Amino acid sequence: MKYYVQTKYDIVRSTVLYLCVFAVIGLIESIGLLRPLQASMLGMLAPVSKITSSVVSSVYWQVGVWQQMRLSSIRVTELERENAVLQAQLSQLETVKKENDSLKVLMGARTDAVAKKSTVATITNYALPTIDIGSDQNVKEGQLVMSQDTLLGIVTKVYEQQSEVEILSALHSKSLLVKTESGIQGILHGDNKRIVITDIPRDVEIKVGERVSTYGQQDVPANIFIGTVASKIDRPTAPVQSAIVSQPLTFFDSTVVEIE
Amino acid sequence: MTKKIIKTLLILVCLLFVISLERTIGLPLLFVFLTFRFLAVTKSYTQLLLFVVLSLALSTAFQMSMTFVMLAIAVATLIMRYFKVEQSVSQVLTASIVSLAIVLFAGIEFHPLALGYFILVWLVLLCSAMMPQITKRKKLLS
């Protein structure tokens, strides 16, 4: 590579020019004049982002398949066993559901299922989690981002044609009240790598493998599945317990999500 | 002239795909490297325009301060000029440092594929950087 040879005068002139450009850009940025330009550029980038995000997700899926190939036979055996247990539980639940329905009919209650109000969105960016719908589709800050009935994150910033999502492993803007299947309550947040439940009382025993779901609070309905307890964080001196939650499905595994 | 315009348009389309891909996984390594290459081979006014446009594209894609991006690229370019870094290997190293700084300051989440992409880009850039030296040595030996 050859650089253009510059005289002393050229160097001084170009340095002054660069400093002027820095000052002008800094000024324009500080008064917010760059934002409309950047927003329109993001809009132009959206179709290309859709293509690249689908390419990235398909490559990621393929890499995952190669990685899991070695462990697949053990995993299949485990899943078959779990499936047998779930089938047994399902038949019991069907009986309970029938009983429940007939009781509702007897009580004269309405059994019409209320249609869920959800909007489907495509993920356009994994690094700065972004979806392809925004205020043009009535997306609002604080709405839940879900996939296959699993909570993945919360909408934090809404633009005209896209919205930013805070995934659970990086959740800082909101504290989520959660509960395990045995009824233990805690507060869920992210530490940028993992999903952590904190403020679990010391006198209760949290079990690894327990399902974790939302407890129910303003804008967050109860009983939305989040994941399972993967491990406990052991700090003998801490006044409360903490645990790490793992999700069977993450934001990175999805290409399409639901906004509720 | 027409050829030059077509070539520039093709480069811009290529850059658009590169930045979009890197935005998706959260690592602007190749884009920063290409920026250094372009800045090194262009004349002063074109260089300034290119510098502003590429910084704007990078700051928009990674949603961070344009002044910071411009400063990072300018400092790296100045350092490279001061130490007369003409070897592509050193440029790859500088591009890696700058892109990692951008990732850290922008608070970007790495996609699990980002590490693989980092290694792949490094290997490709290193191979392309070593190729002229290998052919030069072969010619000297023969």
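Here the structure is a predicted model, which means the values were calculated and not measured.

The rules behind each value
Residues numbered from 1 in each chain as written. Chains lettered and ligands numbered in written order. Predicted model: local features only at pLDDT ≥ 70, side-chain atom pairs only at ≥ 80, totals over all residues. Heavy atoms only, no water. Helix = DSSP H or I, 4+ residues; strand = E, 2+ residues; numbered from the N terminus. Buried < 20%, exposed > 50% of the residue type's maximum accessible area, 1.4 Å probe, protein only. Contact = heavy atoms within 4.5 Å. Areas by Shrake-Rupley, 256 points an atom, 1.4 Å probe, with all protein chains shown as cover. Buried area = accessible area lost by both parts, 1.4 Å probe. Salt bridge = Lys/Arg side-chain N within 4 Å of Asp/Glu carboxyl O. Polar contact = N/O pair within 3.5 Å; in protein donor to acceptor, adjacent residues only side chain to side chain. Expected span 1.5 Å × (residues − 1). pLDDT = per-residue confidence, 0-100. Patch = residues over 30% accessible without salt bridge, like charges linked within 9 Å, V, L, I, M, F, W, Y side chains within 5 Å. Axes fitted to C-alpha atoms, helices over the stretch in contact; angles between N-to-C directions. Parallel < 35°, antiparallel > 145°, perpendicular 65-115°, else oblique. Nonpolar A, V, L, I, M, F, W, Y, C, P; charged D, E, K, R; others polar. Left-handed = near helix turned anticlockwise from the far one by under 90°. Pairing = 2+ DSSP bridges.

## Observations concerning the overall build of chain A
Part 1: For chain A, the helix and strand inventory stands at three helices and twelve strands.
Part 2: The 260 residues of chain A split such that 33% are buried.
Part 3: Intrachain contacts of chain A at a sequence separation of at least 6 include 52% that bridge at least 24 residues.
Part 4: Summed over its atoms, the accessible surface of chain A is roughly 16400 Å², and 58% of this surface lies on carbon and sulfur atoms.

## Points about the overall build of chain B
Part 1: Scanning chain B from terminus to terminus reveals six helices and zero strands.
Part 2: Start at the N end of chain B and walk to the C end: the helices and strands fall as α-α-α-α-α-α.
Part 3: Relative to its 142 residues, chain B shows a buried fraction of 44%.
Part 4: Within chain B, contacts between residues at least 6 apart in sequence are counted, and of these 68% link residues at least 24 apart.
Part 5: With the model as given, the accessible surface of chain B reaches about 7900 Å², and the carbon-plus-sulfur share is 76%.

## Some details on the interface of chain B and chain A
Much of the literature gives interface size as the accessible area that the parts lose upon coming together.
Part 1: The partner chain A presents 39 residues to the 44 residues of chain B that form the contact.
Part 2: Taken together, both faces of the contact between chain B and chain A bury some 3900 Å²; the carbon and sulfur share is 68%.
Part 3: When the buried area of chain B at its contact with chain A is split by residue, Arg23(B), Thr24(B) and Glu109(B) rank highest and sum to 18% of it.
Part 4: Taken together, chain B and chain A are joined by zero salt bridges.
Part 5: The interface formed by chain B and chain A contains eight residue pairs in polar contact (both at pLDDT 80 or more).

## As for helix α1 (residues 2-25) of chain B
Residues and elements named next belong to chain B.
Part 1: In this model, α1 (24 residues) spans 35 Å end to end at C-alpha, consistent with the 34 Å of a helix rising 1.5 Å per residue.
Part 2: Leu-15, Val-18, Ile-19, Ser-20, Glu-22, Arg-23, Thr-24 and Ile-25 are the residues of α1 that are buried.
Part 3: Immediately downstream of α1, the backbone of Gly-26 shows phi near 85°, a positive value.

## Section: the confidence of the model for chain B
Residue and element names in this part refer to chain B.
Part 1: Of the residues in chain B, 88% have a pLDDT of 70 or more, and the chain-wide mean is 80.
Part 2: When the elements of chain B are averaged for pLDDT, helix α6 (residues 114-141) gives the smallest value, 76, and helix α3 (residues 44-61) the largest, 84.
Part 3: The complex prediction reports pTM at 0.62, with the ipTM value standing at 0.71.

## A word on a nonpolar patch on the surface
Part 1: On the surface, Ile51(A), Val55(A), Val59(A), Val13(B) and Phe17(B) cluster together into a nonpolar patch covering about 400 Å² of accessible area.
Part 2: Of all the secondary-structure elements, those providing two or more residues to the nonpolar patch are α2 (34-69) of chain A together with α1 of chain B.
Part 3: Looking at the nonpolar patch element by element, the count peaks at three residues for α2(A).
Part 4: Considering the arrangement of structural elements, one finds Ile51(A) in helix α2.

## Quick look at unusual backbone geometry
All names here are of chain A.
Part 1: The phi dihedral of Gln-148 falls on the positive side, at around 45°, and the residue is not glycine.
Part 2: With respect to the element layout, Gln-148 can be found in the loop between β3 (144-147) and β4 (150-158).
Part 3: Here the phi dihedral of Asn-192 falls at roughly 75°; this positive angle occurs in a residue that is not glycine.
Part 4: Assignment of secondary structure puts Asn-192 in the loop between β7 (185-190) and β8 (195-200).

## Remarks on the packing of helix α1 (residues 8-30) of chain A against helix α4 (residues 66-82) of chain B
Part 1: Running from amino to carboxyl end, α1(A) crosses α4(B) at an angle of 155°, the nearest separation of the two axes being 9 Å. Viewed along their axes, α1(A) and α4(B) adopt a mutual orientation that is roughly antiparallel. Where α1(A) approaches α4(B), its residues Val21(A), Phe22(A), Ile25(A), Gly26(A) and Glu29(A) are matched on the opposing element by Met66(B), Thr67(B), Met70(B), Leu71(B) and Ala74(B).
Part 2: The class makeup of the residues in the contact of α1(A) with α4(B) is seven nonpolar, two polar and one charged.

## Observations regarding the packing of α2(A) against α1(B)
To describe two helices that pack against each other, one gives the angle between their axes and the distance between the axes.
Part 1: Where α2(A) contacts α1(B), the axes come no closer than 8 Å and their chain directions differ by 65°. One finds that α2(A) runs roughly perpendicular with respect to α1(B). Note that α2(A) runs across α1(B); the crossing there is right-handed. Residues Leu42(A), Leu45(A), Val48(A), Ser49(A), Thr52(A), Ser53(A) and Val56(A) of α2(A) touch α1(B), and the partners they reach there are Leu16(B), Phe17(B), Ile19(B), Ser20(B), Leu21(B), Arg23(B), Thr24(B) and Ile25(B).
Part 2: In terms of residue class, the contact of α2(A) with α1(B) is made up of nine nonpolar, five polar and one charged.

## As for the pattern of salt bridges
Residues and elements named next belong to chain A.
Part 1: Applying the stated criterion to the full structure yields four salt bridges over all chains.
Part 2: Notably, a salt bridge pairs Lys-50 with Asp-132, separated by 3.2 Å at the nearest N-O pair. Residue Lys-50 is located in helix α2, and its partner Asp-132 is located in the loop between β2 (130-131) and β3; the two are separated by 82 residues in the primary sequence.
Part 3: With a relative accessible area of 39%, Lys-50 lands in the partly exposed category.
Part 4: Between Asp-101 and Lys-97 there is a salt bridge, with its nearest N and O atoms 3.6 Å apart. Here Asp-101 pairs with Lys-97, and both are found in helix α3 (residues 72-107), just four residues apart, close to one helical turn.

## With respect to the pairing of strand β10 (residues 225-233) of chain A
Residues and elements named next belong to chain A.
Part 1: Taken together, the three bridges between strand β9 (residues 211-214) and β10 define a ladder with antiparallel strand orientation. Paired with Val-212 across the strands is Gly-227, a residue of β10.
Part 2: Bridge count for β10 against strand β11 (residues 241-246) is five bridges, and the pairing is antiparallel. Bridge pairing in β11 places Ser-231 opposite Ile-244.

## So, the side chain of Ser53(A)
Part 1: Tracing the sequence through the fold places Ser53(A) in helix α2.
Part 2: For Ser53(A), a relative accessible area of 3% translates into the label buried.
Part 3: Looking at Ser53(A), its side chain comes within polar contact range of the main-chain oxygen of Lys50(A), at 3.0 Å.
Part 4: Leave out the neighbours within four places in its chain, and Ser53(A) touches Ile123(A), Thr124(A), Tyr126(A) and Thr24(B).

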